[in-house]
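Observations on the three-dimensional arrangement
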Amino acid sequence: MFPRLPRPSLLRAAGALAIAAVVAGCGPELGSSAGPRSAGPTTVVGSGTGACTTAPAVGDDLGGWLPSSQPLDLVPFIINGPGQLVCGQNRILFTIIDGAGTPVGSPDRKASISFFDVARDASTPIATADGVFIWAIKDARGIYVANASFPEAGTYGAEISTSIAGGPATNLRVAFQVQPDTAVIGVGDKAPASKTPTLADAGGDVSHISTDTKPDPAFYQTSVDQALAKHEPFALIFATPKFCTSAQCGPTLDSIKPYVAKYPTVTFINVEPYKLKLVDGALQADLDAKGQLQATSVTDDWHLLSEPVVYVVNRDGVVTAEFDLIFSDAELTSALDAVK
């Protein structure tokens, strides 16, 4: 599922069952306490400082944008969690599930998505995009990615048109909220100078700082603050293979490992987003008094709402790309090419 990470304790028990069926994410919710920002006009996921208006409230009468009370063969689902879609440019993750809650996204299923500012004009879309299919879990669970800009905060509608192999299209509708701003570090922001654990901190034993069962030592050579001081471009991966509530975080981390050899001028850094402790030589979760996972200071630095998250940062220390949950090879390659 697409988890949310609370502050100060990271994980809150999982959200909607439908999300769990879709993408199998890692943990519950992280809150955020930094000052707000709005998404900017030219980002992958987006950030900026421009003012954002809010559309008039639409009340509870959303007509065809509300879920049907009757069983449906196909159900649309916006995967981005509450607070993750804001004014400006956004990277929207969506999928389609069947009546039994099983994801039906696949390479041969096409899906375009149109967005409506419901309070202004519920009949004319403000943007339309073709969804790009990505396997969240190879050959098992697929999602779609689209980029769109929202001119204001408020209630929006998404109409997904989907078909298989040139067959007839089915149109599906769902409503969602766009917020005026977010505190999460994003594209256009300066990267916080976080001190992330390195092999030097762990006496050379990567098992003391990573729960990856097959870790690449290259991910633990340099701390974020060191990369910034050296003006090194870097990719920062917030992911915990061991403490994911499903199978998504490990594959996300594994999918980045081949890029280390392809981009020798880019530093790659993996950081565990939760507080851990060594117990009998193995990393275990350092739970709070309520038995919940807790955010690390690094996670708090970046004000994360979810994990896994991948950031790409240029030599000037500016975030140039942010990928929540999963990404395509084309997306990551483009982001790394821009900073190498």
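This report concerns the structure included in the present document. Just so it is clear, the model here is predicted, and its values are computed rather than measured. (Residues numbered from 1 in each chain as written. Predicted model: local features only at pLDDT ≥ 70, side-chain atom pairs only at ≥ 80, totals over all residues. Heavy atoms only, no water.)

1. Focus: helix α3 (residues 249–256)
Where α3 is concerned, the buried positions are Cys249, Gly250, Thr252, Leu253 and Ile256. Along the axis of α3, the buried positions cluster into a sector of 165°, meaning they face one direction only. Taken together, the buried residues of α3 touch β9 (234–238), α4 (259–262), β10 (267–271), β13 (309–313) and α6 (329–337). (Buried < 20%, exposed > 50% of the residue type's maximum accessible area, 1.4 Å probe, protein only. Helix = DSSP H or I, 4+ residues; strand = E, 2+ residues; numbered from the N terminus. Arc of directions from axis to C-beta. Contact = heavy atoms within 4.5 Å.)

2. Observations regarding the nonpolar core
Counting 24 residues, the largest nonpolar core has Ile256, Phe268, Leu332 and Leu336 as its most contacted members. Mapped onto this core, the elements with two or more residues apiece are β9, α3, β13, β14 (319–324) and α6. Here this core takes 3 residues from α6, the largest share from any one element. Those residues in contact with Leu332, other than ones at most four positions away along the chain, are Ile256, Tyr259, Val312, Phe323 and Phe327. Ile78, Phe94, Phe115 and Phe150 belong to the second largest nonpolar core, which has 21 residues in total. (Core = buried A, V, L, I, M, F, W, Y, C linked by side-chain atoms within 4.5 Å.)

3. Overview of the state of the cysteines
Applying the stated criterion to the full structure yields 1 disulfide. Note on cysteine connectivity: Cys52 is disulfide-linked to Cys87, with sulfurs 1.7 Å apart. Of this pair, Cys52 sits in the loop between α1 (17–23) and β1 (74–78) while Cys87 sits in the loop between β1 and β2 (88–98); the two residues are 35 residues apart in sequence, bridging distant segments of the chain. Cys52 sits in the partly exposed class, given a relative accessible area of 22%. (Disulfide = S-S within 2.5 Å.)

4. Let's talk about the pairing of β13
Here β13 lies mainly inside the structure; 5 of its 5 residues are buried. Neither face of β13 is exposed, since Val309, Tyr311 and Val313 on one face and Val310 and Val312 on the opposite face are all buried. In this structure, β9 lies alongside β13, joined through 5 bridges in antiparallel fashion. When the bridges of β13 are listed, Leu236 appears paired with Tyr311. Note: β13 against β14, 5 bridges, orientation antiparallel. Within β14, the position partnered with Val312 by the bridge is Ala321. (Pairing = 2+ DSSP bridges.)

5. Remarks on the environment of Val318
Structurally, the position occupied by Val318 is in the loop between β13 and β14. The sequence separation of Val318 and Lys190 amounts to 128 residues, and the corresponding C-alpha distance is 4.6 Å. Sequence-distant contacts of Val318, defined by excluding residues within four places in its chain, comprise Gly188, Asp189, Lys190, Val312 and Val313.

6. Quick look at the sheet that holds β13
With mixed pairing, 4 strands are arranged side by side in an open sheet as β10-β9-β13-β14. A single partner strand is all that each edge strand has here, and the edge strands are β10 and β14. Across the sheet, the axes of successive neighbouring strands diverge by a mean angle of 15°, strand direction being ignored. Taken together, the 5 bridges between β9 and β10 define a ladder with parallel strand orientation. Counterpart to Leu236 in the pairing with β10 is Ile269. The sheet strands contacting α6 are β9, β10, β13 and β14, and the helix crosses β14 at an angle near 165°. (Axes fitted to C-alpha atoms, helices over the stretch in contact; angles between N-to-C directions.)

7. Quick notes on the sheet that holds strand β4 (residues 127–130)
Across the sheet, 4 strands lie side by side as β4-β3-β7-β8; this open sheet has antiparallel pairing. Each end of this open sheet is capped by a strand with a single partner; those strands are β4 and β8 (170–178). Between one strand axis and the next, the sheet turns through 20° on average, direction left out of account. In terms of strand pairing, strand β7 (residues 154–164) meets β8 through 9 bridges, oriented antiparallel. Bridged to Glu159 within β8 is Arg173.

8. Side note on the pattern of salt bridges
Taken as a whole, this structure holds 7 salt bridges when the rule is applied. Across the salt bridge formed by Glu159 and Arg173, the nearest N and O atoms sit 2.8 Å from each other. Taken together, the residues span a long stretch of sequence, with Glu159 in strand β7 and Arg173 in strand β8 at a distance of 14 residues. One salt bridge in this structure joins Asp337 and Lys340, with 3.7 Å as the shortest N-O distance. Given the relative accessible area of 52%, Lys340 is considered exposed. (Salt bridge = Lys/Arg side-chain N within 4 Å of Asp/Glu carboxyl O.)

9. Description of the environment of Cys244
Tracing the sequence through the fold places Cys244 in the loop between β9 and α3. Taking the relative accessible area as the measure of exposure, Cys244 reaches 13% and is therefore buried.

10. Concerning the packing of aromatic side chains
When we look at a pair of aromatic rings, we describe it by the centre distance and by the angle of the planes. Taken as a whole and assessed by the stated rule, the structure comprises 16 aromatic pairs. Note on Phe115 and Phe150: the rings are 5.4 Å apart at their centroids and 80° apart in plane angle, and the pair reads as edge-to-face. Of this pair, Phe115 sits in strand β3 (residues 109–117) while Phe150 sits in strand β6 (residues 141–150), placing them 35 residues apart in sequence. The exposure classification of Phe115 matches that of Phe150, with both residues buried. Plain terms: the ring middles of Phe150 and Tyr156 are 4.9 Å apart, the flat faces sit at 50° to each other, and that makes the pair tilted. Take Phe150 and Tyr156: they sit in the same class, and that class is buried. (Phe/Tyr/Trp six-rings, centres within 6.5 Å; stacked < 30°, edge-to-face > 60°.)

It is worth stressing that arrangement in space is one thing and function is another; only the former is reported here.
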